[in-house]
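Fold and contact review
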Amino acid sequence: MSLSASTNVSAANMSANALSSSRPSAPRFDWTHAEIKALFDLPFMDLMFRAQTVHRENFAPNQVQVSTLLSIKTGACPEDCKYCPQSGHYNTELEKEKLMEVQKVLEEAALAKEKGASRFCMGAAWKHPSEKDFPYVLEMIKGVKSLGLESCVTLGTLNDEQAKRLSEVGLDYYNHNLDTSAEFYDSIITTRTYQDRLDTLSRVRDSGIKLCCGGIMGMGEEQKDRVGLLRQLSQMTPHPESVPINMLVKVEGTPLENVEDLDTFEFIRTIAVARILMPQSHVRLSAGRQGMNEQTQALCFMAGANSIFYGEKLLTTGNPEADKDMALFANLGIQPEKREEHSDAAVVEAIAAQAVKQEESKWFYEASV
Ligand code: SAM
Ligand code: DTB
Ligand code: SF4
């Protein structure tokens, strides 16, 4: 059973919509550090009420966007991000994999669509895409779009030409996270700078692709770093359309495997503040849901999170079982946000067309790891 089929609550959604205010708050791009800290310092219930109010002014209150992730190139990454199981600098016993074949990726995308995802996000453990690999990624994006799914990729740093080519094939979102504040960044990553990230983000923005940009909480940062990250995101004009808020998944072998847990309420507060600062953005309750109980996740939705990763795997680590998420959505009266509908016949046709194309030629991949 698909996620959309399991949650037939449109009547409830309609009445909840009727309760929403029709006066959306205008986005601001000039939040100060002190103002953002003051939001964090609000009594929890006041903060939640304010975030939920902003949420209802801008979104259908009981709808959550659903994305599925796939690692299209796994491990052996030259970057040294201390949180990441895919960095070649640490021994996490991860099975390295070369770039997946286009056809295989599209089969996974079709499966994700069948299960109810509206967006398919493909991640590669690269510092930047090589010229050799890039054409295959473009084919993946075209294929995903022809299935009627929104497309998102995260490939590391891009140059102008690459951003333009991604835009030309109709890529919907580019994910490139700032991860934390500019001040804390150097203690997490040394192989690139905050400015490198900002440069790629402006190239993506200039090419007309929507931005997916957020960070990771619970890496040992202080609240001022969470404030700093959210301030940086809130200064982007326009705000990133999608803002993933990840809770660190602690992976054995990474330098952050034993870092102290972040207080759950502080994580929920971070989501609430993101919602208030970026009222029209989708805020994603991203990595880390497997370590959260259902009540915590419900509070994250209450705080204004309206997107999740759906499916048993993130890139290399686990995510809640799809059935569990369906049950949670049904229990909370949440509906997956609507996507453009394509008939099953159109899906089958798109996959078949891609298979022929690959057999004919060059789209079988023989890259090294
Ligand atoms: N290599 C590309 C890059 O760094 O932009 C794309 C892939 S990278 C795995 C995508 C994002 O996943 C990172 O920016 C980080 O925010 C998130 N991430 C990686 N490992 C994580 C972990 N252990 N816990 C939570 N989020 C993580
Ligand atoms: C994002 O902010 N989180 C996703 C996605 N963007 C690419 C990745 C989470 C990765 C968690 C660790 C892993 O599974 O390897
Ligand atoms: Fe590489 Fe991205 Fe992981 Fe950093 S987060 S090590 S860039 S895959």
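A quick note: this is a predicted structure, and the numbers were derived from the prediction, not measured.

**Points about the site of ligand 1**
Around ligand 1, the surrounding shell holds 18 residues, and the nearest of these are Thr154, Asn177, Asp179, Arg197 and Val249. One of the side-chain N or O atoms of Asp179 is found 2.7 Å from an oxygen atom in ligand 1. With respect to ligand 1, the backbone of Val249 contributes an N or O atom lying 2.9 Å from a nitrogen atom. Of the residues that constitute the shell around ligand 1, the class distribution is 11 nonpolar, 5 polar and 2 charged.

**Observations concerning the nonpolar core**
A general trend in soluble globular proteins is that nonpolar side chains are found buried together. In this structure, Ile72, Tyr83, Leu155, Leu166 and Phe267 are the most contacted members of the largest nonpolar core, which totals 96 residues. Counting residues per element, this core draws most heavily on helix α11 (residues 264-277), at 8 residues. Look past the residues within four positions of Ile72 in its chain and what remains in contact with it is Lys98, Leu99, Met100, Val105, Met122, Gly123, Ala124, Val137, Met140 and Leu155. Membership of the second largest hydrophobic core comes to 7 residues, among which are Cys121, Cys152, Tyr173 and Ala287.

**Remarks on the pairing of strand β2 (residues 119-124)**
Judged by how many residues are buried, β2 sits mostly within the fold: 6 of 6 residues are covered. Of the two faces of β2, the one holding Arg119, Cys121 and Gly123 and the one holding Phe120, Met122 and Ala124 are both buried throughout. Direction of pairing for strand β1 (residues 63-73) relative to β2: parallel, over a ladder of 6 bridges. Each bridged residue has a counterpart across the sheet, and for Thr68 the counterpart in β2 is Phe120. One crossover worth recording links β1 to the parallel β2 by way of helix α5 (residues 102-114), and it is right-handed. Bridge analysis of β2 against strand β3 (residues 150-154) gives 5 bridges, and the strand direction is parallel. Across the sheet, the residue bridging to Met122 is Val153, located in β3. Note on the crossover from β2 through helix α6 (residues 134-146) to β3: the handedness is right-handed.

Conventions and cut-offs
- Residues numbered from 1 in each chain as written.
- Chains lettered and ligands numbered in written order.
- Predicted model: local features only at pLDDT ≥ 70, side-chain atom pairs only at ≥ 80, totals over all residues.
- Heavy atoms only, no water.
- Near = heavy atom within 4 Å.
- Polar contact = N/O pair within 3.5 Å; in protein donor to acceptor, adjacent residues only side chain to side chain.
- Nonpolar A, V, L, I, M, F, W, Y, C, P; charged D, E, K, R; others polar.
- Core = buried A, V, L, I, M, F, W, Y, C linked by side-chain atoms within 4.5 Å.
- Buried < 20%, exposed > 50% of the residue type's maximum accessible area, 1.4 Å probe, protein only.
- Helix = DSSP H or I, 4+ residues; strand = E, 2+ residues; numbered from the N terminus.
- Contact = heavy atoms within 4.5 Å.
- Pairing = 2+ DSSP bridges.
- Right-handed = clockwise from strand over helix to strand, strands pointing away.

Function cannot be inferred from these measures alone, as they are strictly geometric.
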